[in-house]
Amino acid sequence: MAASGAEFAGRHPGWPAKLGPVTVRAGTVRLRPPRLWDGRAWSEIRLRDKEHLEVWEPTTVGSWSERNGLSAWPPQWASLRSLARRGQSLPFAITLDGAFVGQITVGNIVRAALRSAWIGYWVSSRSVGGGVATAAVALLVDHAFSAGQLHRLEATVRPGNESSLRVLRKVGFREEGLFLRYLDVAGAWRDHLCFAITAEEIGAGLVAKLVSEGRAQLP
Ligand code: ACO
């Protein structure tokens, strides 16, 4: 019988892990569990990148500076670590040439007969346009469908988020439909396009696909 979320308590498949390296136009991308000492880089980037990030992120309590100041990181980090240990999430820091540049997370993991989750990500405005998010998504999808034992991943994106739509299409997510008033983002209920991919669709893997298309290189 398929395992439920509770059965994985204390031994979450696919966690912890270090993924990569994959080299893209911007440099070498790796994924690793978030660390307490990522706080300074995380906060510096996010305080500087309010305009780049806020319009695409779920609405939460508090001002941008309260939610992204240095003191906001330890509780966020502890929450990510706790969800990962309980088998509900696979949260990773994205590094580019060794420096923290963003986050990518597989969240809301449901096991048993569904084995499904969502995937979400952000990258510093100073590191965009060079294939970083594409490499991160490919690495994490491959991992989630192998060591992570998942079968389906969903990504929901606002229709105007051209770069995120491009990331998902490049790696091979399928567009499944439009969710009306789906998520409270930047203070209002926003429509989102739903994309998905299942384990049967990745062939030899999404990293291998990027390499075969000349979008990425392995060491
Ligand atoms: N129109 C069309 N394509 C665009 C545009 C645009 N306006 N802007 C960028 N692109 C293309 C780029 O050229 C690139 O494609 P290419 O490789 O074919 O040239 C692609 O979009 C972006 O691919 P990457 O370089 O791999 O992605 P990047 O590292 O730039 O990160 C991301 C993209 C994560 C969306 C970043 O811009 C970001 O963090 N944005 C703010 C937060 C955000 O929107 N997160 C995603 C929310 S949705 C979700 O998580 C499922």
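Each value, and the rule that gives it
Residues numbered from 1 in each chain as written. Predicted model: local features only at pLDDT ≥ 70, side-chain atom pairs only at ≥ 80, totals over all residues. Heavy atoms only, no water. Near = heavy atom within 4 Å. Polar contact = N/O pair within 3.5 Å; in protein donor to acceptor, adjacent residues only side chain to side chain. Areas by Shrake-Rupley, 256 points an atom, 1.4 Å probe, with all protein chains shown as cover. Helix = DSSP H or I, 4+ residues; strand = E, 2+ residues; numbered from the N terminus.

Neighbouring the ligand are 27 residues, the closest being Gly129, Gly131, Thr134, Asn161 and Lys170. Interatomic distance of 2.8 Å between a backbone N/O atom of Gly131 and an oxygen atom of the ligand. The contact in question runs from an oxygen atom of the ligand to an N or O atom on the side chain of Lys170, over 2.7 Å. Within the complex, the protein chains bury 77% of what would otherwise be the 1,000 Å² of accessible surface of the ligand. Of all the elements in the fold, those that place two or more residues in the shell around the ligand are helix H2 (50-53), strand S5 (116-123), helix H5 (132-145), strand S6 (152-157) and helix H6 (162-171).

With that settled, the discussion passes to unusual backbone geometry. Most peptide bonds are trans, and most residues other than glycine sit at a negative phi. Note that the residue after Trp15, namely Pro16, is joined by a cis bond; omega there is -10 degrees. In this fold, Pro16 is placed in the segment before strand S1 (19-24). Note that the residue after Gly20, namely Pro21, is joined by a cis bond; omega there is 5 degrees. Tracing the backbone shows Pro21 in strand S1. One non-glycine residue, Asp97, lies in positive phi territory at about 50 degrees. Position of Asp97 relative to the elements: it lies in the loop between strand S3 (90-96) and strand S4 (99-110). One non-glycine residue, Ala186, lies in the positive phi region at around 45 degrees.

In short, shape yes, function no, at least from these values alone.
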